[in-house]
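Structural characterization, general
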Amino acid sequence: MGNSDSKSKDDLFLLKLTEIIRDNFDNEQFGVKEAAFIYGVSRSHLHRRLKKLTGKSVSQFIRELRLEKSMELLRKDLATVSEIAYSVGFHSPTYFNTCFKEYFGFTPGEAKIREHLEQERPSVKKFGKQKMIFIIALGILVLIILFGYFQYNGIWTKPPNDTPATSPQHSSHSTKSIVVLPLKNWSGDPKLEYISDGMTDAVISRISEIKEIDRVVPFTSSLQFKNSEKSMPELAKNLNVYYILEGNFQKQGNQFKINLRLNDGPLNKLLWSGSYSGQWKANEIFKIQSKVAENVATIMNVKLTEKDFDAFKGMPTTNAEAYNYYLLAQYQNNKYNQTSFKNAIPLYEKALDLDSAFIEPYLGLANIYVTGGAVWGMYSEQEAWKNAKYYLEKASVIDGDNIQLSDQLHVGKFYFDWNFEAVEHYLEENNERIGAANGSDNPFVDYYIKTGKYLYALSKINKHILEDPSYGWLFAIRASVIFFLYSTEEAKEELKKYDSLFMDDMFYLREAAKWYYYFGEYDDSKEKLEQLMDKFTDRPPIVVWLNALHYEMANNREGVLESLATLQKQYKEGSSGSPAWFMALFYCHIQNSTEVFNWLQKSYDKHEVEMTWLRAEPLLAAYRQDPRYLNLYRKMKFPVPPLTIPG
């Protein structure tokens, strides 16, 4: 009786747990923690009981139930493989394919075919003894042959190599443009996603070093097509490229392998394929990255110079663990938000603890502090610049000619030091390089606008949008340049074109809310502000100021006072985001000139970043002839005369 009760309880336990999991198939975040919470037991209790009954961990049990359900759906042929993967809770079709094949022994695409074959196959109830022995022997022989094959050809025993799988077909496009799609993680472990992304970024960096390649799509843009099912011609059209490099990455223990295919995108034609494998050691990783870039250049009919080969030979670190921490940090940095920046800092620092001569982590840290001080309220502006300069100085000892280092240094000199002379000199010397396709010219576009070089700014913005249309900020800024160059009406039309494309882009929403206000489109401004506040929790000074403006226009005195109190508090606490500047702009709105210059002086004294807008700021147009304005303008040392015509 006791055994029967125990069995019944165990059956009920498994039944209830199975039902809980099935009810949450469509929730990719559902895991051990959620299962235990819904069941009403601790995670450790759930794990121990399930392990005792089935020999499986909870996560394995969940995964296998998902896979069984996917097989049921695949055999019914109700949706695509990707749609089914998402419907049963897999966050990535690639990872789903890996798990499915591991569990069933064949790919999801074969499931329907196998079902058909099984239906056609005559049923055999019993095997003769001799047949069974023959099948077992044949199976063992196959295993021996496969083992020998993998020993000879697999990634587990071979030294680093590259194996062309197709005869190269050289292409003749006159424009050499390429996108490297994110490598698919075929390691079977989603936690290694950062490595496949990092390897993609590294290959892009290597290819970008080849001078004769006209354009390499930046990783941030490529990342948008990570799980895309678009055809090659569609991708080529969307990204404005001729060549598409795709592939997968595998890592097992200390061994790794990359399989690649280079395609002529518009023609949907395979030009070359090959595989590279080796040990997860820094020297082998970088050699393979260089070899990939070299092979790609050859197929694209790009002539490699001696400088290109010198760049390929560079090894940023010989420490594989340091490189691993760097890839983790970059994975966070590329998410480009306040939380991910904070996560990246200690990872960069761990990389430097292991190799203090590794330049990339210094540059990553400097980038975070420059951005964190100039854009978000993460650090006070001068503290951020102090930290950024510290890391840039460390990097300069390793490679004083590094372009990324020079860019970051001069971005900081513009925003934090207001050193217009140094930036002017730098841009004159590097005019041809500034238009390169990796996003480093974004801050300099801002510089061109603020110093009145509107046509030049517009040409740079258009070029950058053509190369990388993922930055919503650029579309809003283009509308502002059209405002300065042509008319408010044309600027409004330009901005409205892109509203529907960037509703989840923080930078676009902020800039659009601001510029719609300047254009006199107050309802649109308020709408963008509300979308911004609904989707993002950060409340930097620009958002508080926009709130104050709309409260004032709605005659909401309480809201105005609350917003101004917040700005004053941010000012007293030394927050970044230029709170004094935005206090001055609020008083411009209500035409209180005394308070305008009171707060402009405070902004100047605090050395706030937004003071770089002094020349171009539309709300200050009415004060451009005021001696107090001209005095501040002279002290800022702009390289061009102030605007004299209001508007």
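Residues numbered from 1 in each chain as written. Predicted model: local features only at pLDDT ≥ 70, side-chain atom pairs only at ≥ 80, totals over all residues. Heavy atoms only, no water.

**Here we look at the overall build of the protein**
A count of helices and strands for the protein gives 30 helices and 7 strands. Taking all 647 residues of the protein together, the buried fraction comes to 50%. Here the analysis covers contacts within the protein between residues at least 6 apart in sequence; of these, 64% occur between residues at least 24 apart. Entry remark: accessible area of the protein is about 31,800 Å², with carbon and sulfur atoms responsible for 52%. (Helix = DSSP H or I, 4+ residues; strand = E, 2+ residues; numbered from the N terminus. Buried < 20%, exposed > 50% of the residue type's maximum accessible area, 1.4 Å probe, protein only. Contact = heavy atoms within 4.5 Å. Areas by Shrake-Rupley, 256 points an atom, 1.4 Å probe, with all protein chains shown as cover.)

**Description of the packing of aromatic side chains**
One pass over the full model with this rule turns up 44 aromatic pairs. Seen in terms of ring centroids, Phe100 and Phe104 are 4.6 Å apart; in terms of plane orientation they differ by 45°. Their pairing is tilted. Of this pair, Phe100 and Phe104 both sit in helix α6 (residues 93-104), 4 residues apart, roughly one helical turn. Residue Phe104 is classed as partly exposed on the basis of its relative accessible area, which comes to 23%. A cation over a ring is seen here: Lys16 above Tyr39, with NZ or CZ 4.3 Å from the ring centre. (Phe/Tyr/Trp six-rings, centres within 6.5 Å; stacked < 30°, edge-to-face > 60°. Lys NZ or Arg CZ within 6 Å of the ring centre and 35° of its normal.)

**A short note on the environment of Glu321**
Checked against the element boundaries, Glu321 lands in helix α14 (residues 320-333). When the C-alpha positions of Glu321 and Leu354 are compared, they lie 7.5 Å apart, and in sequence the two are 33 residues distant.

**A word on the pattern of salt bridges**
In the structure shown here, the tally under the stated rule is 15 salt bridges. Put simply, Asp10 and Arg49 hold a salt bridge, and the shortest N to O gap is 3.6 Å. A residue pair is termed long-range when its members are at least 10 positions apart, and Asp10 in helix α1 (residues 2-23) and Arg49 in helix α3 (residues 43-54) qualify at 39 residues. Taking relative accessible area as the criterion, Arg49 reaches 26% and is therefore assigned partly exposed. Of the charged contacts in the structure, one is a salt bridge between Arg261 and Glu246, with a shortest N-O distance of 3.3 Å. With Arg261 in strand β6 (residues 255-264) and Glu246 in strand β5 (residues 243-252), this residue pair connects regions lying 15 residues apart in the sequence. (Salt bridge = Lys/Arg side-chain N within 4 Å of Asp/Glu carboxyl O.)

**Structural notes on the nonpolar core**
Within the largest apolar cluster, 153 residues are counted, with the highest numbers of intra-cluster contacts made by Leu245 and Trp545. Ignoring anything within four residues of it in the chain, the contact list for Leu245 reads Ile178, Val179, Val180, Leu181, Val203, Ile207, Leu260, Arg261, Leu262, Trp272, Val292 and Val296. Membership of the second largest hydrophobic core comes to 15 residues, among which are Phe13, Leu17, Leu46 and Ile62. (Core = buried A, V, L, I, M, F, W, Y, C linked by side-chain atoms within 4.5 Å.)

**Observations concerning the pairing of strand β7 (residues 269-279)**
When you tally the buried positions in β7, you get 8 out of 11 residues, the bulk of the element. Both β6 and β7 contribute to a ladder of 10 bridges, which runs antiparallel. The residue bridging Asp264 from the neighbouring strand is Lys269, located in β7. Linking β6 back to β7 in an antiparallel pair, the connection comprises 4 residues, with Asn268 at a positive phi of about 55°. (Pairing = 2+ DSSP bridges.)

**Focus on the confidence of the model for the protein**
With 84% of its residues at a pLDDT of 70 or more, the protein shows a mean pLDDT of 82. No element of the protein has a lower mean pLDDT than helix α8 (residues 129-153), at 49, and none a higher one than helix α29 (residues 593-605), at 97. Counting contacts from residues 116-129, a segment whose pLDDT is below 50, to residues more than four positions away or on other chains yields 3 contacts. For residues 433-440, every residue scores under 50 in pLDDT, and the model assigns this stretch 23 contacts once sequence neighbours within four places are set aside. (pLDDT = per-residue confidence, 0-100.)

**Regarding the pairing of strand β2 (residues 177-180)**
Regular strands place side chains that alternate from one sheet face to the opposite one. Neither face of β2 is left uncovered, since the one carrying Ser177 and Val179 and the one carrying Ile178 and Val180 both have all their residues buried. Here β2 pairs with β5 via 3 bridges, running parallel. Bridging across to β5, Val180 finds its partner in Leu245.

**Observations regarding helix α4 (residues 58-76)**
The end-to-end C-alpha distance of α4 is 28 Å, a good match for the 27 Å that 19 residues give at a rise of 1.5 Å each. Where α4 is concerned, the buried positions are Val58, Phe61, Ile62, Glu64, Leu65, Arg66, Leu67, Ser70, Met71, Leu73 and Leu74. Two residues or fewer after α4 comes Asp77, characterised by a positive phi angle close to 55°. (Expected span 1.5 Å × (residues − 1).)

**Topic: unusual backbone geometry**
The backbone of His607 shows a phi angle near 60°, a positive value even though the residue is not glycine. As for its position among the elements, His607 is in the loop between α29 and α30 (627-636). Within the chain, Lys637 stands out as a residue other than glycine whose phi angle is a positive 65°. Relative to the elements of secondary structure, Lys637 occurs in the segment after α30.

**Remarks on α3**
Between its terminal C-alpha atoms α3 stretches 16 Å, which fits the 16 Å expected from 12 residues at 1.5 Å a residue. A positive backbone phi angle near 75° is found at Gly55, which sits one or two residues after α3.

**Structural notes on the packing of helix α22 (residues 472-485) against helix α23 (residues 488-496)**
Following both chains from N to C, one finds α22 and α23 inclined at 170°, their axes separated by 8 Å at the closest point. On the basis of their axis angle, the class for α22 and α23 is roughly antiparallel. The two elements α22 and α23 cross, and the hand of that crossing is right-handed. Contacts between α22 and α23 involve Ala476, Arg478, Ala479, Ile482 and Phe483 on the former and, on the latter, Thr488, Glu490, Ala491, Glu494 and Leu495. For the contact of α22 with α23, the class distribution of residues is 6 nonpolar, 1 polar and 3 charged. (Axes fitted to C-alpha atoms, helices over the stretch in contact; angles between N-to-C directions. Parallel < 35°, antiparallel > 145°, perpendicular 65-115°, else oblique. Left-handed = near helix turned anticlockwise from the far one by under 90°. Nonpolar A, V, L, I, M, F, W, Y, C, P; charged D, E, K, R; others polar.)

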